[in-house]
Amino acid sequence: MSALATPSSIYHLLLPHPHQAALLLIADQGSWALPTVTPSEPHFGVVAHLNQTVQTTFGLDVVTLCCLGDDWQPGAEMINSVYELENLTPDNRHPAGTRWVLQDEVADLRLGTPEHRPHLDDWFRERRDGRPATRRPWAQPGWFQDTCAWIEAQLELRGTILTGPIRQLRNWERSTLLEVPTGRGRLYYKAAPPPLAQEGTLLRWLAQHFPGEVAEVVALDEARGGFLMQDLQAVPLHDTRDLAQYEQAARRYGEMQRALVGQVPGLPDFTCTALADQVDWLLTTLAQRSISVGTHATWSACGFRAHT
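Residues numbered from 1 in each chain as written. Predicted model: local features only at pLDDT ≥ 70, side-chain atom pairs only at ≥ 80, totals over all residues. Heavy atoms only, no water.

**Looking at the overall build of the protein**
Each helix and strand in the protein was counted, giving nine helices and twelve strands. Taking the principal axes of its C-alpha atoms as reference, the protein extends roughly 65 × 60 × 40 Å. Here the protein holds 308 residues, and 37% of them are scored as buried. In the protein, the share of contacts with a sequence separation of at least 24, taken over all contacts with a separation of at least 6, comes to 60%. Put simply, the protein shows about 18400 Å² of open surface, and 53% of that area lies on carbon and sulfur atoms. Measuring between centres, the 25 positive side-chain charges of the protein sit 2 Å from its 35 negative side-chain charges. (Helix = DSSP H or I, 4+ residues; strand = E, 2+ residues; numbered from the N terminus. Buried < 20%, exposed > 50% of the residue type's maximum accessible area, 1.4 Å probe, protein only. Contact = heavy atoms within 4.5 Å. Areas by Shrake-Rupley, 256 points an atom, 1.4 Å probe, with all protein chains shown as cover. Lys, Arg positive; Asp, Glu negative; His and termini not counted. Charge placed at Lys NZ, Arg CZ, Asp CG, Glu CD.)

**Topic: the pairing of strand S11 (residues 217–221)**
Here S11 lies mainly inside the structure; four of its five residues are buried. Note: S11 against strand S12 (residues 226–230), four bridges, orientation antiparallel. The residue of S12 that forms the bridge with Ala 219 is Leu 228. Between S11 and S12, which pair antiparallel one after the other, the connecting turn spans four residues, and Gly 225 there sits at a positive phi close to 65 degrees. (Pairing = 2+ DSSP bridges.)

**What to know about the sheet that holds strand S3 (residues 31–33)**
Neighbouring strands of a sheet are bound in pairs by backbone hydrogen bonds; such pairs are parallel or else antiparallel. One open sheet holds the three strands; their spatial order is S3-S2-S7, and the pairing between them is antiparallel. Unpaired on one side and paired on the other, S3 and strand S7 (98–102) mark the two borders of the sheet. Each strand axis lies, on average, 50 degrees off the axis of its neighbour in the sheet, ignoring direction. Against the sheet, helix H3 (residues 117–129) touches strand S2 (22–28) and S7, its axis set at about 160 degrees to S2. (Axes fitted to C-alpha atoms, helices over the stretch in contact; angles between N-to-C directions.)

**Quick notes on the pattern of salt bridges**
Scanning the model with the defined rule gives 15 salt bridges in all. A salt bridge links Glu 179 to Arg 167; the nearest nitrogen and oxygen atoms lie 3.1 Å apart. Within this pair, whereas Glu 179 is found in strand S9 (residues 176–182), its partner Arg 167 is found in strand S8 (residues 167–171), the two being separated by twelve residues in sequence. By relative accessible area, which is 15% here, Glu 179 ends up buried. (Salt bridge = Lys/Arg side-chain N within 4 Å of Asp/Glu carboxyl O.)

**Description of the nonpolar core**
Note on soluble globular proteins: their nonpolar side chains tend to be buried together. Residues Phe 144, Ile 151, Ile 166, Val 180, Tyr 189 and Leu 228 are the most contacted members of the largest nonpolar core, which totals 17 residues. Elements with a minimum of two residues in this core: helix H4 (143–157), S9, strand S10 (185–191) and S11. Considering every element that reaches this core, the biggest residue donor is H4, with six residues. Beyond its immediate stretch of four places on either side in the chain, Phe 144 contacts Val 63, Leu 88, Ile 166, Gln 168 and Leu 178. By size, the runner-up hydrophobic cluster in this structure holds 16 residues, among which are Leu 169, Val 217, Phe 227 and Leu 260. (Core = buried A, V, L, I, M, F, W, Y, C linked by side-chain atoms within 4.5 Å.)

**Observations concerning unusual backbone geometry**
With a phi angle near 50 degrees, Gln 29 is a residue other than glycine that sits in the positive phi range. Judged by relative accessible area, Gln 29 falls into the exposed class, the value being 79%. The phi torsion at Gln 233 lies on the positive side, around 55 degrees, for a residue other than glycine. Along the polypeptide, Gln 233 turns up in the loop between S12 and helix H6 (243–259).

**Structural notes on the sheet that holds strand S1 (residues 8–14)**
As summarised here, the arrangement of the four strands in space is S4-S1-S6-S5, forming an open sheet in which the pairing is mixed. Strands with a single pairing partner mark the edges of an open sheet, and in this sheet they are strand S4 (36–37) and strand S5 (62–70). Across the sheet, H3 touches S1, S5 and strand S6 (78–87), and the angle it forms with S1 is around 35 degrees.

**As for the confidence of the model for the protein**
Predicted confidence across the protein gives a mean pLDDT of 89, with 90% of residues reaching 70 or more. Note on residues 293–308: pLDDT under 50 across the span, and 15 contacts to partners over four residues away in sequence or across chains. (pLDDT = per-residue confidence, 0-100.)

**Describing the environment of Arg 128**
If you trace the backbone, Arg 128 turns up in helix H3. Considered as a pair, Arg 128 and Ala 21 are 107 residues apart in the sequence and their alpha carbons are 8.3 Å apart. A polar atom in the side chain of Arg 128 sits 3.0 Å from the side chain of Asp 129. (Polar contact = N/O pair within 3.5 Å; in protein donor to acceptor, adjacent residues only side chain to side chain.)

**Looking at the packing of aromatic side chains**
Going through the model one piece at a time under the given rule, you end up with six aromatic pairs. Taken together, a centroid distance of 6.3 Å and an interplanar angle of 75 degrees make the contact between Trp 138 and Trp 143 edge-to-face. Looking at Trp 138, the relative accessible area reads 4%, which means it is buried. Its relative accessible area of 9% is what places Trp 143 among the buried residues. Members of the aromatic cluster, each reached through a chain of ring pairs, are Trp 138, Trp 143, Trp 150 and Tyr 189. Arg 99 extends its terminal NZ or CZ atom over the ring of Trp 32, reaching a point 5.4 Å from the ring centre. (Phe/Tyr/Trp six-rings, centres within 6.5 Å; stacked < 30°, edge-to-face > 60°. Lys NZ or Arg CZ within 6 Å of the ring centre and 35° of its normal.)

Below you can see the structure in the form of structure tokens.
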């Protein structure tokens, strides 16, 4: 395979029963297998197509919780990833050729892919004992519905109504992004972990300085580290091949940054000087966790200190 070729992917899905501790398995030539989806997007965090494919193929309404891992290796031509979903379907329907499997039935089932058995065992254990506390909030069951309720309450306060279902666009470690169609245009809800959770506050501050050039923040969701914003109705740079537009955007970003020199909106300080102060803490933490940083990483850290 060419070094620049993009490997193919298959997503294997932990798709739960909406009301009980059971997973959907598909009959597969005398054995049983997890449902699969062939992704149409290269980025593992883009999940709208995944949710839509499950709805179209299996007739189930779902949101994606997280990617649990993959079998990627250098030079691989195929990558198998395992995703955990949340089933929002109100009843226990399942398509022909599938069945809901309980925990005490798993051990006796012949799996077409034995490597998936640990994922099934882990899912049932976490369903009983709870998900790991290290998981992002949006990777926990119930978060999506709670957040949708908050969004609907914010719209009601502003005399705005939903004109369609709230749609999950992205869901990964760095953030989650929801699309919210309303009678006053499209909105987006975004949440991120600390310190990225300050993005809503920063955008609101920037919009005061550059109205029309920064998305308007409709509401801050401090409890979840998220915010609701108006669609900027601009054309994303990745949708154009016009180099002049990239140059114009880069130039304007520079102008905006220079205009704000010396102005701090009460946000965490992540300038190079402030980050340099964290280098010793980072290296100490890595050493305590027995993670080798290597001579190159050590040299880079020293160089970073020297140039700040």
